[in-house]
Amino acid sequence: MKFIVAIIQPFRMDTVREALNDAGVTGLTVSEVRGYGRQRGHKEVYRGAEYTINYVPKLKLEVAVDDDKAEEISEIIMRTARTGKIGDGKIFVFDLQSVLRIRTGEVGPQAL
Amino acid sequence: MINGADTAWMLTSTVLVLFMTLPGLALFYAGLVRAKNVLSVLMHCIAITALVSVLWYAGAYSLAFSGSGPLVGDLSQAFLIGLERNAVHPGTTIPDTVYIMYQMTFAIITPALIIGAYVERIKFSAVLLFSGLWIFVVYAPVAHWVWGGGWLAVMGVKDFAGGIVVHTTAGISALVVAVALGKRDGFPQHLQPPHAPWIVMVGAAMLWVGWFGFNAGSALTAGGDAGMAMLVTHMAAAVASLTWMGIEWARYGKPSLVGTVTGTIAGLATITPASGYVGPFGALVIGIASAAICYGAVQLVKLRFKIDDALDVFAVHGVGGMTGTLLTAPLMAVELGGVGYGDGVTMTSQFVVQVIGVAVTLVWSGVASVILVKITQSLVGLRVRHDVETQGLDLTTHGEAGYNLAFGGTGQ
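Just so we're clear, the structure is a prediction, and the values are computed from it rather than from any experiment. (Residues numbered from 1 in each chain as written. Chains lettered and ligands numbered in written order. Predicted model: local features only at pLDDT ≥ 70, side-chain atom pairs only at ≥ 80, totals over all residues.)

## So, the interface of chain B and chain A
(1) Moving on: With 16 residues of chain B at the interface, the matching set in chain A holds seven residues.
(2) Moving on: Listed by contribution, the elements that provide at least two residues to the side of chain B that touches chain A are α9 (257-271) and α10 (280-304) of chain B.
(3) Moving on: Counting residues per element, the side of chain B that touches chain A draws most heavily on α10(B), at five residues.
(4) Moving on: For the side of chain B that touches chain A, a count of residues per class yields nine nonpolar, five polar and two charged. (Contact = placed C-beta atoms within 7 Å. Helix = DSSP H or I, 4+ residues; strand = E, 2+ residues; numbered from the N terminus. Nonpolar A, V, L, I, M, F, W, Y, C, P; charged D, E, K, R; others polar.)

Structural data, given as structure tokens:
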């Protein structure tokens, strides 16, 4: 199994979720995060004074999938989250050691 | 004799002006600071309101409005001794009680304006001590000079609703406190922006509405003077809002909300001294001038002089109040829609009086504030420790947090 962590532009989330849903992903976790990459931060101006915002708001998407689906799911996220502009984010893929469903005690891929 | 209509309007105006501080100014300032200091600013506003109310009763009102000395009143009405239920305030048609209350709301908002200079780093005890002393040493005497029959009133200075008494005193004192306290950690390069611009707008909107009590109420009657004051107040606020918005739009490509409402407040502060003397044309001139001049003043104080008058009290209120006081002289001319000049007074002679009023008030308020800051510093200290500033005043000073939103507010 693989654990996919994607940092994406917040406004792409709906598109990404619909595409993942269509691809059979049955659950995911989203959190609001802040960070920067090559885009760095941005500037805001209040009463003529510039404020440097170092950390840009992003969404962190976490989804666990079977080994054979990992590549497809990563590709879907990449395609649907992309705007082509700097700041589109990144996708990290980890090996997932085990999964356990709390309610039933199921273990492994059937717990996904 | 007491007039019911006038009294009704003055009761209403009193409510409106208190509403400017609670919660108008409180919210205006609260939105501009960082989330970790939002409660401290609200606390400053309510604490100053309560404190000044008591001091007003104890003797500040009497020092401002009793007696006929040129420099300061007397203590004949300290603790409002001898106040009668149905007494008419001399020279008006409203009860003494209403006059005292109405003036109290002005005394409250003036030190509350200064809050904007010292937010996010001052000791709470310093806020109370400085504000309390300031009411007696700065506000009461200057109010007496201008509105209590003191030397500036005798000289014929025109300050309808507080360009000198409120905005000039608060503005220069704010600058003094800001310099004495020093810059906030990170100023000006690494500050975080206002935590809630929408709250700034809500507060400014309340100020705009409340200002009708401030300016139109200063007529002390419900008639043509109040009506014109309301009209010109509104026009100046509208024009100044558009002007500031336009300046930012042209310079930065975006018309910002915080900038637009800052223009609103600049316009309101600037029309204040003129509101009983000018017509709609004067309001138009003041609206444009206030936004342009106050905008420049903000840049000058913050970016050029690097003084951390955090919420621009001097640049918006002080500079606005002074500008309006000076512009009153030319704009009150009958030809420009104003009320005209008194016997033997010309535009030039009126202007000279206005300059004297502003200049002396600047010096008095500035020097007095320097001394009061020293006293405050030696008695309770001025600034919080660095780690307290980093953590924010809400938790460290007041033991409360402005926002408990984590985990959906379910505890943790």
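## Topic: the sheet that holds strand β1 (residues 2-8) of chain A
Residues and elements named next belong to chain A.
(1) Moving on: Here we have four strands laid out as an open sheet, ordered β2-β5-β1-β6, and antiparallel in their pairing. Where the open sheet ends on each side, the last strands, each with one partner, are β2 (29-35) and β6 (89-95). Averaged over all neighbouring strand pairs, the angle between strand axes comes to 20°, with direction disregarded.
(2) Moving on: Bridge count between β1 and β6: seven bridges; the pairing is antiparallel. (Pairing = 2+ DSSP bridges. Axes fitted to C-alpha atoms, helices over the stretch in contact; angles between N-to-C directions.)

## Re the pairing of strand β5 (residues 56-65) of chain A
Residue and element names in this part refer to chain A.
(1) Moving on: In the sheet, β1 pairs with β5 via seven bridges, with the strands oriented antiparallel. Within β5, the position partnered with isoleucine 8 by the bridge is leucine 59.
(2) Moving on: Looking at chain direction, β2 and β5 are connected through seven bridges and run antiparallel. When the sheet's bridge partners are listed, glycine 35 is paired in β5 with valine 56.

## A few points about the nonpolar core
(1) Moving on: Counting residues in hydrophobic clusters, the biggest one holds 142 residues, and the most contacted among them are Tyr29(B), Val41(B), Val177(B), Leu207(B) and Ala236(B).
(2) Moving on: Residue contacts for Tyr29(B): discarding those within four places in its chain leaves Val41(B), Ile115(B), Gly116(B), Val119(B) and Leu311(B).
(3) Moving on: Membership of the second largest hydrophobic core comes to 13 residues, among which are Ile8(A), Ala64(A), Ile73(A) and Ile77(A). (Core = buried A, V, L, I, M, F, W, Y, C linked by C-beta atoms within 7 Å. Buried ≥ 20, exposed ≤ 12 C-beta atoms within 10 Å, placed from the backbone.)

## Describing the environment of Arg103(A)
(1) Moving on: Position of Arg103(A) relative to the elements: it lies in the segment after β6.
(2) Moving on: For the pair formed by Arg103(A) and Ile4(A), sequence separation is 99 residues and the distance between their alpha carbons is 23 Å.

## Comments concerning the environment of Val278(B)
Residue and element names in this part refer to chain B.
(1) Moving on: Assignment of secondary structure puts valine 278 in the loop between α9 and α10.
(2) Moving on: Under the C-beta neighbour-count criterion, valine 278 is labelled buried, with 32 such atoms within 10 Å.
(3) Moving on: Each C-alpha atom, one on valine 278 and one on glycine 340, is 8.7 Å from the other, the two residues being 62 residues apart in sequence.
(4) Moving on: Excluding residues that lie within four positions of it along the chain, valine 278 makes contacts with Val232, Ala283, Thr328, Leu331, Met332, Gly337 and Gly338.

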